[in-house]
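# Topology and contacts: notes
Here is what each chain is made of, one letter per residue.
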Amino acid sequence: LTATSGTFTSGLVGTTGTFSGAVSGTNGTFSGNVSGTLTTAAQPNITSTGTLTSATVSGDLTVDSGTLKVDSSNNRVGIGTTSPAAQLHIDEGSSNSYGTIRLEGNNRGGDIEMYQGTVPVSTIRTDQSGNMYFKTSGAYGSSSLTNKLEIPTAGGLKVRNAAATGPIVDIG
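Because the structure is a prediction, the values reported are computed rather than measured. (Residues numbered from 1 in each chain as written. Predicted model: local features only at pLDDT ≥ 70, side-chain atom pairs only at ≥ 80, totals over all residues. Heavy atoms only, no water.)

Helix and strand counts for the protein chain stand at 0 helices and 12 strands. Tracing the protein chain from N to C terminus, the helices and strands come up as β-β-β-β-β-β-β-β-β-β-β-β. When burial is assessed residue by residue, the protein chain has 13% of its 172 residues classed as buried. Here the analysis covers contacts within the protein chain between residues at least 6 apart in sequence; of these, 2% occur between residues at least 24 apart. Split by element, the accessible area of the protein chain, about 13,800 Å² in all, is 50% carbon and sulfur. (Helix = DSSP H or I, 4+ residues; strand = E, 2+ residues; numbered from the N terminus. Buried < 20%, exposed > 50% of the residue type's maximum accessible area, 1.4 Å probe, protein only. Contact = heavy atoms within 4.5 Å. Areas by Shrake-Rupley, 256 points an atom, 1.4 Å probe, with all protein chains shown as cover.)

Written out as structure tokens, the structure is:
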């Protein structure tokens with residue numbers, strides 16, 4: 001079937017062909033391959049059996065009734081909640097377990113970095129041995145972070161002075 005315009009009301013069946021132009025209607029099923037760009041009004045049920053290379057969503061996005069929620073009006077993302085209360089809100093739900101964020105490095109630990117604009121102000125770091133370090137800059141505008149608190153894997157606690165020249169308290 002090759003057509004450029006017209007109205008089809010029933011019985012459009014074929015195995016190959018080309019169609020260009022507008023397709024409109026209130027019901028029916030299309031099956032087969034579509035190549036090029038498919039433009040359609042909002043659809044509640046779209047299934048892609050190939051690779052979806054990009055998508056733009058205007059407005060909120062909800063995946064699986066609360067697994068993931070993007071609140072476009074408040075610029076918030078929720079995991080496990082449909083009402084995120086912060087920029088990133090992770091809700092463990094009702095299984096009475098801990099909410100978890102997993103940071104996985106390649107032969108390293110993980111970092112949580114905090115910035116004021118583009119200036120780093122503090123970092124929480126774990127290394128590949130499991131030691132934890134809490135670093136701060138000590139002053140606004142300084143991008144040099146130094147260890148102020150260490151929790152070694154072997155146990156103990158080290159608290160450093162502002163210059164980080166040595167431990168003020170070394171328990172362990």
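From this point, the discussion proceeds with the structure in view.
For the rest of this paragraph, the subject is the pairing of strand β9 (residues 132–136). Taking every second residue as pointing to the same face, the buried face of β9 carries Tyr133 and Lys135, while none of Met132, Phe134 and Thr136 on the other face is buried. Across 5 bridges, the pairing between strand β8 (residues 119–126) and β9 is antiparallel. Looking at β9, one finds that Thr123 is bridged to Lys135. Counting the residues in the hairpin turn of β8 and β9 gives 5 residues, including Gly130, whose phi is positive at 95°. Pairing between β9 and strand β10 (residues 146–151): 5 bridges, direction antiparallel. By the bridge assignment, Lys135 is partnered in β10 with Asn147. (Pairing = 2+ DSSP bridges.)

In this structure, Thr81 sits in the loop between β5 (76–79) and β6 (88–90). Accessibility expressed as a relative area gives 11% for Thr81, which makes it buried. Within the structure, the side chain of Thr81 is placed 3.1 Å from the backbone nitrogen of Ser83, a separation counted as a polar contact. With near-sequence residues (within four places) excluded, Thr81 lies in contact with Gly66, Lys69, His89 and Asp91. (Polar contact = N/O pair within 3.5 Å; in protein donor to acceptor, adjacent residues only side chain to side chain.)

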